[in-house]
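# Coordinate analysis (summary)
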Amino acid sequence: SHLTTTGSEKPRDKLLGGLLTADFDEDSCLSRYHKSSLYRKTLPYKPSQSLVSKLRSYEMLHKRCGPGTDAYKKATNLLGHGDVRISGDECRYVVWTPMFGLGNRILSLVSMFLYALLTERVILVDQRKDITDLFCEPFPGTSWLLPLDFPLTDQLDSFNRKHSRCYGTMLKNHAINSTTIPSHLYLDIFHDSRGQDYLFFCEENQAFLGKVSWLVTKSNLYYVPSLWLIPSFRTELIKLFPQKDTVFHHLSRYLFHPTNQVWGMVTRSYNAYLSRADETLGIQVRVFGTPAGYFQHVMDQILSCTQREKLLPELDTEQVTTNTSRSKKLKAVMVTSLHPEYSNNLKNMFWERPSSTGEIIEVYQPSGERVQQTDKKLHDQKALAEIYLLSLTDKLVTSTRSTFGYIAQGLGGLKPWILYEPRNRKAPDPPCVRAMSMEPCSLTLKAPLSSCQAKTIKMSPFVRYCEDRIRGLKLV
Ligand code: GDP
């Protein structure tokens with residue numbers, strides 16, 4: 001499974017079961033076709049034929065409507081002309097803008113891409129932050145980057161709940177009628193958006209929104225479960241994803257191909273610390289609240305979870321020196337955290353004492369950035385590299401309601417053990433819970449988001465409340 005070996009290795013499924021197009025030049029973005037060679041096991045999840053053909057036709061749509069095309073020019077010209085009617089064969093778009101940390105961004109981007117697939121819109125991403133330092137282009141022969149001279153570029157930052165073009169605000173002010181169709185609208189889809197904003201998730205509102213050429217969105221949520229609760233979308237989603245809990249897994253592996261710089265970090269760490277191990281364990285430690293940092297109760301919780309779930313061995317209390325007759329299995333533990341102390345402690349524990357099973361435990365943490373520094377290029381690149389490294393492990397422990405961990409579990413097709421949120425500075429009992437599915441949780445404050453979904457939520461055996469957020473929803 002060593003990355004640098006060629007020739008003798010068995011042929012890998014470099015197109016991930018048809019998920020990826022073969023239309024790219026291999027060397028332009030090393031991660032695109034080389035990724036599968038890093039996965040230690042063949043992943044059991046294959047994309048459905050409907051998803052594969054949907055993606056191929058999306059790629060054609062994006063090529064026809066993308067930046068630089070006549071269709072794009074025509075559509076941007078509309079923006080100068082207030083309220084318009086479109087005839088139906090014009091291209092329609094969604095503009096995605098980055099909000100919050102990297103995990104949040106990836107979640108909202110995947111959600112918006114799924115919405116684009118379902119509604120035959122073209123997705124364009126705001127490139128003013130560091131997205132081009134993180135990801136290669138996903139669609140062949142075109143670009144997903146919103147051109148910098150896009151007519152609304154200067155307004156993007158001012159879109160918020162109070163903006164006159166905010167859909168929820170317009171609904172609230174009764175400023176929407178079905179005869180005048182605005183050329184563009186702003187959608188506000190956050191964990192704390194208003195009831196009117198969440199009307200986006202209602203069937204009848206979708207009928208209206210379908211006529212609007214440009215939708216600009218800001219979001220920090222994985223709102224795929226709420227899309228699943230829109231009846232007309234659900235019919236199609238069931239065809240695209242017969243295995244309901246693979247939505248994020250397939251779409252994230254389709255969309256995200258780290259740049260060569262990030263991929264270099266991934267492969268260097270992988271080859272140095274993970275590739276030779278008999279087994280690998282990822283532990284993602286996210287400490288919310290202020291002050292964040294090292295806490296003994298969090299350390300205790302990590303140990304009690306990993307030992308109770310037999311992810312790590314106990315320490316040999318008799319302090320015997322190395323027992324040579326026992327297994328020499330090498331287990332590599334990849335810890336990621338802003339704080340370096342957790343992995344340091346773990347490393348020391350397994351150095352100072354032998355493990356009760358005789359396994360050799362190697363502990364590694366790629367970075368310890370101390371504080372979140374979103375939009376700093378190298379910081380974000382490290383975060384992305386670490387998310388990928390976690391996704392490559394055999395077993396994974398994540399922290400409650402952390403989107404960073406959600407991305408790793410989804411990319412890797414892993415059902416993690418989730419560390420519960422500590423209360424009153426004590427390690428919770430039980431310390432962790434096994435996730436029901438690999439899907440991210442939609443971290444909403446109430447579910448369903450809108451009363452129009454109240455009925456569907458009850459009828460949906462595949463949408464449940466999350467393990468780590470009682471009012472959040474996830475696909476299972
Ligand atoms: P969430 O806040 O846990 O839901 O995850 P986000 O990714 O949205 O935001 C947290 C941000 O903090 C990340 O994007 C990183 O910039 C940083 N961060 C948090 N945990 C880690 C970590 O384990 N490693 C690295 N390199 N950065 C981290």
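Residues numbered from 1 in each chain as written. Predicted model: local features only at pLDDT ≥ 70, side-chain atom pairs only at ≥ 80, totals over all residues.

Here we take up the sheet that holds strand S9 (residues 417–419). As summarised here, the arrangement of the 6 strands in space is S7-S6-S5-S8-S9-S10, forming an open sheet in which the pairing is mixed. Every interior strand has two partners, whereas the edge strands, strand S7 (360–364) and strand S10 (432–434), have only one. Geometrically, the sheet is characterised by an average inter-axis angle of 20 degrees between neighbouring strands, direction not taken into account. Where helix H14 (residues 296–308) meets the sheet, its contacts fall on strand S5 (279–285), strand S8 (395–399), S9 and S10, and the angle it forms with S9 comes to roughly 160 degrees. The strands that helix H15 (residues 341–352) touches are S5, strand S6 (330–337) and S7; relative to S6, the one it contacts most, it runs at about 160 degrees. (Pairing = 2+ DSSP bridges. Helix = DSSP H or I, 4+ residues; strand = E, 2+ residues; numbered from the N terminus. Axes fitted to C-alpha atoms, helices over the stretch in contact; angles between N-to-C directions. Contact = placed C-beta atoms within 7 Å.)

By secondary structure assignment, the location of Glu-90 is in the loop between helix H3 (70–78) and strand S1 (93–97). With 14 C-beta atoms packed within 10 Å, Glu-90 lands in the partly exposed category. Measuring from C-alpha to C-alpha, the distance between Glu-90 and Ser-213 comes to 8.2 Å, with 123 residues separating the pair along the chain. (Buried ≥ 20, exposed ≤ 12 C-beta atoms within 10 Å, placed from the backbone.)

What surrounds the ligand is a group of 21 residues, the closest being Gly-101, Leu-102, Gly-103, Ser-402 and Thr-403. Breaking the shell around the ligand down by element, the ones donating at least two residues are helix H4 (102–119), S6, helix H16 (377–391) and helix H17 (403–412). For the shell around the ligand, the leading source of residues is H16, giving 4 residues. Looking at the shell around the ligand residue by residue, the classes come out as 5 nonpolar, 12 polar and 4 charged. Of the residues that make up the shell around the ligand, three or more belong to each of domain 1 (49–255) and domain 2 (260–440). (Near = placed C-beta within 6 Å. Nonpolar A, V, L, I, M, F, W, Y, C, P; charged D, E, K, R; others polar. Domains from an automatic or database assignment.)

Glancing now at the confidence of the model for the protein. When pLDDT is averaged along the protein, the result is 93, and 94% of the positions lie at 70 or above. Note on residues 1–11: pLDDT under 50 across the span, and 9 contacts to partners over four residues away in sequence or across chains. Our summary of model confidence lists the complex with pTM equal to 0.95 and ipTM equal to 0.99. (pLDDT = per-residue confidence, 0-100.)

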